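Fold and contact review
Given next are the chains, with one letter for each unit.
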Amino acid sequence: MATQIIPKRKAAAPRKWFTWDEYTLTIILFLLPSLLLMAVFVVYPILSSFHLSLFEWNGIDPVRTPVGLANWERLLQDDIFWRAFRNNLTVVALSIMFQMPMGMLLAIMMERGGRRFIFRVFKTVYFFPMLMSSVSIGILFKYIYDPSFGIINETLEAIGLEGQSWLGETNLALFAVVAVICWQYTPFYMILFLASLNSVSEDLRDAARIDGAREFQYYWYVALPLVRGTVRTAIILSLIGSLKYFDLIWVMTEGGPNNASELMATYMYKKAFPSFDMGYGSAVASALFIIVMILALSAFYFSRRLETEV
Amino acid sequence: MRKVLFFLLLVAMLIGVGTVAFAQDVTITFWHIQNTDPGPELIQQAVDRYMADNPGVTVEVVPMQNDPYKTRIRTAMGAGDPPCVFPSWGGGPLYEYVQAEQVIDLTDYMNADDYVSRFVPSSLSNVTFDGSMYGVPVENTAIAVFYYNKAIFEQFGLTPPTTWDELVAIAQTLIDNGVTPFSLANKTKWTSSMYYMYLVDRIAGPELFASTANRIGGSFEDPAFVQAGEMIQELVEMGAFIEGFNGLDYDTGQSRIPMYADEAAMELMGTWQISTYLAENPEFYEDKLGFFAFPAVEGGAGDPSNVVGTVGDNYYHISSTCANPDEAFAMIQYLIDDESVALRVEKGRIPPVVGVSAMLTDPVLQEVIKLVENAGAVQLWYDQYLPPELGEVHKDTMQALFGLELTPEEAAQNQEAALAEFFGS
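Residues numbered from 1 in each chain as written. Chains lettered and ligands numbered in written order. Predicted model: local features only at pLDDT ≥ 70, side-chain atom pairs only at ≥ 80, totals over all residues.

**Examining the domain arrangement of chain B**
All names here are of chain B. Its domain assignment divides chain B into domain 1 (20-139 + 312-354) and domain 2 (141-309 + 379-423). One C-alpha centre belongs to domain 1, the other to domain 2, and the line joining them spans 30 Å. With 11 residues of domain 1 at the contact, the number on the domain 2 side is 12 residues. A per-class count over the side of domain 1 that touches domain 2 returns 4 nonpolar, 5 polar and 2 charged. (Domains from an automatic or database assignment. Contact = placed C-beta atoms within 7 Å. Nonpolar A, V, L, I, M, F, W, Y, C, P; charged D, E, K, R; others polar.)

Written out as structure tokens, the structure is:
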């Protein structure tokens, strides 16, 4: 065996996970302002919600009665909360099933359209729903869904179909609102996907063409695999957003009728504020936090191999 | 050294100036929710007159929207920083504040110079707990009545009913002719509660609910509550209410539009809606608007002259953290002095003071005040009378009852169970 002639590299000292050098201090210094804000407006309220969930408190009384885990026991047996949880899962499933493919289709359309004027108009128009506030969208769609005067029922009746009371029926209300949520958020994913599609190098498209790929084959075999990291991010965003969803449900149905469209967040608000039950409302809030955390972390974990550069 | 001395002197001067300024300047924070016309003006003129008469007192007026206000006032109280003067509807939520010692007992203020005799007695019952008064009634008198479209009634030869059976017959006639009898926006929930409250009152009288809500002998499982539920569901099954009512929102006018469009004939609603009609659709108000009192129920024990509503609608209270309660109370008095009362009447309100009926010129308001004056009893809205937690249960139950998702018995049991849990027995 030949003697080792290449000088051995000096073995690096085992890296400690933390040292007080200049570099670390700089990082801390730059992070400090946002860390402080996070601590005051995110970490503290979350901890304080957990703390409040251990009390029976109406939100105004100077006296809070500690009740241990009674609120949590009540939560586990609360049919309405679990119904709300299932409704949240429905929103998650429908949002991902509809918004992702639709967003991608629109993005591909926009990418192929390129800089032509009409496509730039489309791009702006499709983005409109994202620019409107949820409350105005909610009120707008309340009129659109109006059983007697809404444009949907008028149209259905004009072509001989029977109108529905979209927001007034227990088996329709949730789906009626989810449709609006999808309408509102699809453009967001369109823009996200469009940006990542644009970042795929033109050379790859040319190469694929030379190899005889059709447009569909280019997107399916070349572009989509390259942007799967963005798709993953989009799905996780949609998952988290749907789990903590509040706005349109609150404006359009307030979780009704008869809790048919109740979500965890609307239920939390109803308990904490109109019902003067801050303790239980905090338990719902904390449960919501735990559920979102678990589902989001597992989504991250199980999809980690999909991570890409764009 | 000179610099330090100079600096100290400057600080001392600033402190001195500050103290003098604070000593002279009393500030009263005042939240209100009269944010739609003519509300802000009614409040501001009184505050301006008060400040003109009391130099040195500054009133900081903060107008707010109805629903956000309910959250904000609770957050402010929870944080120990409520405004000096704030509004409420009296009843259960106010009682929460009283028990939490967040509001000042105004009994002595009200009794000074017999100020209390200025108000219609029924206006004070919603703010009186254990013999002490906690609020000043100011804004309005509001009771629920049936509004109807005179043109539609004329077209089918109908006249306002005096009994429930007549009302049901009218509904049937209208349905047969393709007109929806009742408009109702029940996403808002308290809207449908009006039918229930009136029916219970007509069937059993006001004592039943009072003894139920305070858990002194009454029960939601009393046959009267169940019967009220049955009578409501009878109407629902007839198709008497507008399609999809459980998804319609009162606050965005979805119950009034069908009335304006001649598609629905009646709506049971508070008298605040009169000024809304006047603002939204003056032609409808002029040509078609009529109203009648809730009809009697045959064989019912309740006095058919009773009304459901509130005399005082928006009381003002002084929070216990207020540093200047004397000034605050004097300021509230300006809101309901003779000048303010005259102005309120002119703007279509009915302030809850004695002798207001003589001042009213609007024929509709005159009719309303007659109903109130002749009423055997005024039942406050259940959702305001009950403690907030139970008020929410009541409203949810109403939506389910009207949606035929609960039987009248189940609706009664639901409310009884919530009540039992609340009182711990």
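**Comments concerning the packing of helix H7 (residues 164-176) of chain B against helix H10 (residues 223-238) of chain B**
Residues and elements named next belong to chain B. Between H7 and H10, whose axes approach to 11 Å, the crossing angle comes to 10°. One element, H7, and the other, H10, form an angle in the roughly parallel class. Side by side, H7 and H10 meet where Trp 164, Ala 171, Gln 172 and Ile 175 of the first sit next to Met 231, Leu 235 and Met 238 of the second. Its residues placed into classes, the contact of H7 with H10 shows 6 nonpolar, 1 polar and no charged. (Axes fitted to C-alpha atoms, helices over the stretch in contact; angles between N-to-C directions. Helix = DSSP H or I, 4+ residues; strand = E, 2+ residues; numbered from the N terminus. Parallel < 35°, antiparallel > 145°, perpendicular 65-115°, else oblique.)

**Looking at the environment of Leu 197 of chain A**
Residue and element names in this part refer to chain A. As for its position among the elements, Leu 197 is in helix H7 (residues 173-198). Exposure remark for Leu 197: the 21 C-beta atoms within 10 Å place this residue in the buried category. Separated by 169 residues in sequence, Leu 197 and Ile 28 have C-alpha atoms that sit 35 Å apart. Ignoring sequence-local partners within four residues, the contact set of Leu 197 consists of Ala 107, Ile 108, Glu 111, Ala 223 and Val 227. (Buried ≥ 20, exposed ≤ 12 C-beta atoms within 10 Å, placed from the backbone.)

**Remarks on the environment of Phe 50 of chain A**
Residue and element names in this part refer to chain A. Position of Phe 50 among the secondary structure elements: in helix H1 (residues 22-52). Under the C-beta neighbour-count criterion, Phe 50 is labelled partly exposed, with 15 such atoms within 10 Å. With 117 residues separating them along the chain, Phe 50 and Leu 167 place their C-alpha atoms 34 Å apart.

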